[in-house]
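Chains, contacts and geometry: an overview
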Amino acid sequence: FRDATGGRLPSADTWTGDVAVGDVDRDGDVDAIFAEAWGLNLLLNDGVGRFTRAPSANLPADAGNATALALQDLDGDGDLDLALGGLGVRIHRNEGSGRFVSVSSGLPAGLPGTRAVAAGDLDGDGDVDLVFASWYQDVVLLNAGSFAFAHGTAPHPASRPVGLPLLQDLDRDGALDLLVVESDVSPPAWSVFRNDGRGGFGLYARNPKPARDPTWPPIRLADVDGDGDPDLLHASRSGSGGPLGLRLHVNDGAAGFTQAPGGMVPHVDLLALAVADLDGDRDLDVVVGEPGRPLECLVNDGSGIFAARAGVVPPEPMFTSALLLADLDLDGDSDLVVGQARPTLLPHPTKLFWNDGNGVFTENSSQLMPGLATATQDVLAGDLDGDGDQDLVLHAWRHEPGDRPLLCFLQTAPGHFTESTGQRVPALSFDLRGVAIADVDEDGDLDLVAQPVAGQTVTLLVNDGRGYFSSVQVAAQRPHSTGGVALGDVDGDGDLDLVTSTSWPRNLHRHLHAPYLALVGRPFVLEIHSMPGYAPGTPLAIPLLGRAGGDLPVPGLGNLGLDPRTLIVLPPASLPPGGGMASVALQIPNLPALAGVPFAAQALMFPGGRTPARFTNMVGTRIWR
């Protein structure tokens, strides 16, 4: 491309929010409409690519403050009409010569401000419908003819910061679904996104009555009624300004949640929640904490009905901000760690309690670095140094520039923990919103993923197997300052992907990506990723094409997502030594009849060394003209 602006476009000294092109005056060439700071600017083409401003009378008076444009034939008369988004939604009818008049009276009342627009026949009736993206709720407008539009069903709320994202198989189909809490709306609500098995999420359900049942953190997914699917526990406020209490929504097995009968367990200011089998009866019990009050243990009768049980935790008040239930002494029961933070988020000692096996806890905080105080946000457990016992990671608020948001405690003797942050964990100079622990690079040890509050990229702390961590950037996006982080295999390739409050980066440890459309007569490009920068040798990939045919388990290799009867094996592709990315191009024949043909791609990855071969994720697409 070369810059051809000079002499072809009128000079303009303003910003442009959007541009739409099309033959608005039906003279056979392409004109352009710009959404500029002071209104719309219609530029008419002279037929050789030189543009002049159309008279101001060609545009209605209410055409200002637009940030989204679409030129479409909305009334079926053969000329291009104009849909605008911005501070409001407006429709302008083209009189056929490039002169537009407002016909916005046919729109539903109360439409929100919007930032983008797309057009297409959504309901299959042959006319053009509209979708507007908003900051709060997307808007679908179905064309009823004569510039009258009716509300359709929005595909999902507009992208927004959320609370803690939770990944679990909610509908028992083997794929990890996503439940998020929209904590920045009033009242807070939760939404369920079902996974299609390949990492594609679609909105399935949203809390239908958030005004009467607002959802507040903490929130947990756990099978409390013993029917094999995860149920939803969350804090909720009873009435306007009432105390926070614990609500239970029971899963119907298909990701649909209904509130369990009975009232809430009342709490003044529920802030921390942990779920585990405390008393060895094979059902899940609950521990809740509130600042300035004693902990409370809620014992499950096996069917999801809870009763408070006294005498199982010490009665003294605590400034509880985080709870962890985990078998720290490896005796088969869940022990308890209580993170604390004073009301102004000032440091307070972390406490450790041993479980006697019957759900009765005894404090033994002297074994957890006595005197060490932090303002704790979260507590995580795992074997960080590969010695077979459980270590601890504390996620803390920072008060001074030198404070660390992550603290590492190694279990150096049975039941005894030693703080080892300085030698093992890189110093992070920013606050964190969420932390997750898992084997992200599949080398047999536990890594850490840290999501910053704002202004920094998501960071992976890679474990060397002995509990020494090094920092790696894993996501280019800078997440919003609210939300959390979750890890899970969302695209079915066997490695752990990352879900933050605003993005879903895929793990490139073993990943297939199609960056462009498959077009008739053009190369179809596949990008194959493997162990970027840490492969034990030179990875090799065998690309596969075919029809999507469900998940076929192949022992030792994962799931084949392609129909074996349609399988096409392409030549092997070598990746750079140490891992990275290789591109494979498949030439699609220049046959118009191929348009619309669906197909899918997958690859069998051989990372090198002793790392076993495994299938990547599957990419589904179709051929376009």
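What this report covers is the structure whose coordinates are included nearby. Given the structure is predicted, the values throughout are model-derived calculations rather than measurements. (Residues numbered from 1 in each chain as written. Predicted model: local features only at pLDDT ≥ 70, side-chain atom pairs only at ≥ 80, totals over all residues. Heavy atoms only, no water.)

1. Digging into the overall build of the protein
The cut-off we apply is this: Secondary structure is summarised from DSSP: a helix means a run of H or I of at least four residues, a strand means a run of E of at least two, and numbering begins at the N terminus for each. Remark: exposure states derive from per-residue accessible area (1.4 Å probe, protein chains only) relative to the maximum for the residue type, with buried under 20%, exposed over 50%, and partly exposed in between. Only the protein chains shown count as cover for residues, and the accessible areas themselves come from Shrake-Rupley with a 1.4 Å probe.
What the protein contains, in helices and strands, is 1 helix and 54 strands. Going through the 625 residues of the protein one by one, you find that 50% of them count as buried. As presented, the protein carries roughly 27,600 Å² of accessible surface, and 54% of it is formed by carbon and sulfur atoms.

2. What about a nonpolar patch on the surface?
Note the cut-off: Nonpolar side chains (Val, Leu, Ile, Met, Phe, Trp, Tyr) within 5 Å and like charges within 9 Å form the patches, drawn only from residues with over 30% relative accessible area and no salt bridge. Within this document, salt bridges are pairs made up of a side-chain nitrogen of Lys or Arg and a carboxyl oxygen of Asp or Glu, the two lying within 4 Å of each other.
A cluster of nonpolar side chains, V19, V21 and V30, forms an exposed patch at the surface whose accessible area comes to about 240 Å². Residue placement: V19 occurs in strand β1 (residues 16–22). Exposure remark for V19: the relative accessible area of 41% places this residue in the partly exposed category.

3. Side note on the sheet that holds strand β25 (residues 296–300)
The strands making up a sheet are joined through hydrogen bonds of the backbone, oriented either antiparallel or parallel. To keep things clear, this is the line we draw: Whether two strands pair depends on DSSP finding at least two bridges between them. Convention adopted: a line fitted to C-alpha atoms gives each axis, helices being fitted over their contacting stretch, and angles between N-to-C directions are expressed from 0 to 180 degrees.
The 4 strands lie next to each other as β22-β23-β25-β26, forming an open sheet whose pairing is antiparallel. Two strands close off the open sheet at either side, each with one partner strand: β22 (272–276) and β26 (306–309). Neighbour-to-neighbour, the strand axes of this sheet turn through a mean angle of 25 degrees, independent of strand direction. Here β22 pairs with strand β23 (residues 285–289) via 5 bridges, running antiparallel. In the sheet register, V275 faces β23, and the bridge partner there is V286.

4. Focus on the side chain of Q377
Filter applied, for reference: Any pair of N or O atoms that falls within 3.5 Å is considered a polar contact. Within protein, one atom must be able to donate a hydrogen and the other to accept it, and sequence-neighbouring residues count only if both atoms are side-chain atoms. Every residue pair with non-hydrogen atoms within 4.5 Å of one another is taken to be in contact.
Tracing the backbone through its elements, the reader meets Q377 in strand β33 (residues 376–382). When its relative accessible area of 17% is taken as the criterion, Q377 is described as buried. In this structure the side chain of Q377 is engaged in a polar contact, spanning 3.4 Å, whose partner is the backbone oxygen of L432. Setting aside chain neighbours within four positions, we find Q377 in contact with S321, A322, H395, A396, W397 and L432.

5. Quick look at the sheet that holds strand β6 (residues 81–86)
Read from one edge of the open sheet, 4 strands run β5-β6-β7-β8, paired in antiparallel fashion. Strands at the two margins of the open sheet, each flanked by one partner only, are β5 (66–72) and β8 (100–102). Pairwise comparison of adjacent strand axes, ignoring direction, gives a mean angle of 25 degrees for this sheet. Relative to β6, β5 runs antiparallel, the two sharing 6 bridges. Note on β6: the bridge partner recorded for Q72 is D81.

6. Some details on the pairing of strand β30 (residues 351–355)
Of all the 5 residues making up β30, 5 are buried; the element is thus mostly covered by neighbouring parts of the structure. Neither face of β30 is exposed, since K351, F353 and N355 on one face and L352 and W354 on the opposite face are all buried. Both strand β28 (residues 335–340) and β30 contribute to a ladder of 3 bridges, which runs antiparallel. Bridge assignment links V338 to a residue of β30, and that residue is K351. Inspection of the sheet shows β30 paired to strand β31 (residues 361–363) by 3 bridges, in the antiparallel sense. Along β31, the bridge assignment pairs N355 with F361. Between β30 and the antiparallel strand that follows it, β31, lie 5 residues; G357 among them carries a positive phi value of about 100 degrees.

7. Some remarks on the pairing of strand β41 (residues 485–488)
Neither face of β41 is exposed, since V485 and L487 on one face and A486 and G488 on the opposite face are all buried. Here β41 runs beside strand β42 (residues 497–500); their pairing, made up of 4 bridges, is antiparallel. Residue pairing across strands places A486 opposite V499, the latter belonging to β42.

The quantities given are spatial measurements derived from coordinates; they are silent on function.
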